[in-house]
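# Residue-level structure breakdown
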Amino acid sequence: MLKIVMDTAGDLPEGWKETYNIDMIPINIIHEGKTYLQGIDISYEDFYKMVEEEGAIPSTSQPTPYQFVEFYHQIANKDDQILSIHVTEKLSGTMDSCYQATKELNNELNITPFDSASGSLVMGMMAKEARVMDQNGKSLPEIIKRLERIRDQHRLIFTLDTLKFASMSGRVKHLQATLAALLKVKPIIELRKGILEMGEKVRSRTRSIDLLLDKMEKTFGDQHIMVGVVYARDKQSGIDLLQRVIERFNCTEAILTELSISLAAHFGPGTLGLAAYPIGE
């Protein structure tokens, strides 16, 4: 049996975990010396309340190699194959922990680590695509080949409503130099080849959302695409953006989900994002 694993730096729309049988290894959320597991003992609303009450952002850390080993033992046996899809190694140590656990379990379990070179909803899309291919009788090498194409062809872009969280965050270091002058700006941030890059900076939220759509149109035109919207603590804005996406693009599927705590910790509430890749070979 193929076990599909992803970490909670990735996002899954409601119901996908169960429908596509995806196992989630949680990111660690650390607050006042206590460690919480995202999706298990801390919710999105718990996280935002911590920030509001304490005026500081809880830190996040990747699962340790030990946590990976324990997790793999829980979900699989020696007859299973494990496809383990994770957040880009350029932003997190999660892939390194996965590699270490894979090496330790080399004689016990069959694990294939896969660096998404991305994060957020792109990881969830990859996991779903892998499961659908598995259900259609495709082999693991065929699945990996398809995920590599998605990795090469996808686009993941965000606009932030506030830079308060980024200014408090120690993890978005390459944004720090310009933050002081940009606190009232709505920046476009793109995850490109595993690296966060700041793009255009505009004064209005309306313009920043228009830019997200324009950039996606420039990339994909009228191609058939799989596309998703992510939002942070502002579901209505996510719904509104999703409707614009459906009206503007040739979507084979258009989905909506909430941004993971591990990214919301650095991007903040009000963040909106678009993730997409072309359908077909």
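Structure shown above.
Residues numbered from 1 in each chain as written. Predicted model: local features only at pLDDT ≥ 70, side-chain atom pairs only at ≥ 80, totals over all residues. Heavy atoms only, no water.

## Some words on the overall build of the protein chain
- Of the regular secondary structure elements, the protein chain holds 11 helices and 13 strands.
- Dimensions along the principal axes, computed over C-alpha positions, put the protein chain at roughly 55 × 50 × 30 Å.
- Taken over 281 residues, the protein chain has a buried fraction of 54%.
- Per element, the accessible surface of the protein chain, about 12,700 Å² overall, is 47% carbon and sulfur.
- The averaged location of the 39 negative side-chain charges in the protein chain is 6 Å from the averaged location of its 32 positive side-chain charges. (Helix = DSSP H or I, 4+ residues; strand = E, 2+ residues; numbered from the N terminus. Buried < 20%, exposed > 50% of the residue type's maximum accessible area, 1.4 Å probe, protein only. Areas by Shrake-Rupley, 256 points an atom, 1.4 Å probe, with all protein chains shown as cover. Lys, Arg positive; Asp, Glu negative; His and termini not counted. Charge placed at Lys NZ, Arg CZ, Asp CG, Glu CD.)

## Side note on the packing of aromatic side chains
- The final tally for this structure, using the stated rule, is 3 aromatic pairs.
- Taking the centre distance of 5.6 Å and the plane angle of 85° together, the rings of Trp 16 and Tyr 20 count as edge-to-face.
- Ring geometry for Phe 68 and Tyr 72: centres 5.6 Å apart, planes at 45°, overall tilted. In this pair, Phe 68 and Tyr 72 are both assigned in helix 3 (residues 65-75), 4 residues apart and thus about one turn of the helix distant. (Phe/Tyr/Trp six-rings, centres within 6.5 Å; stacked < 30°, edge-to-face > 60°.)

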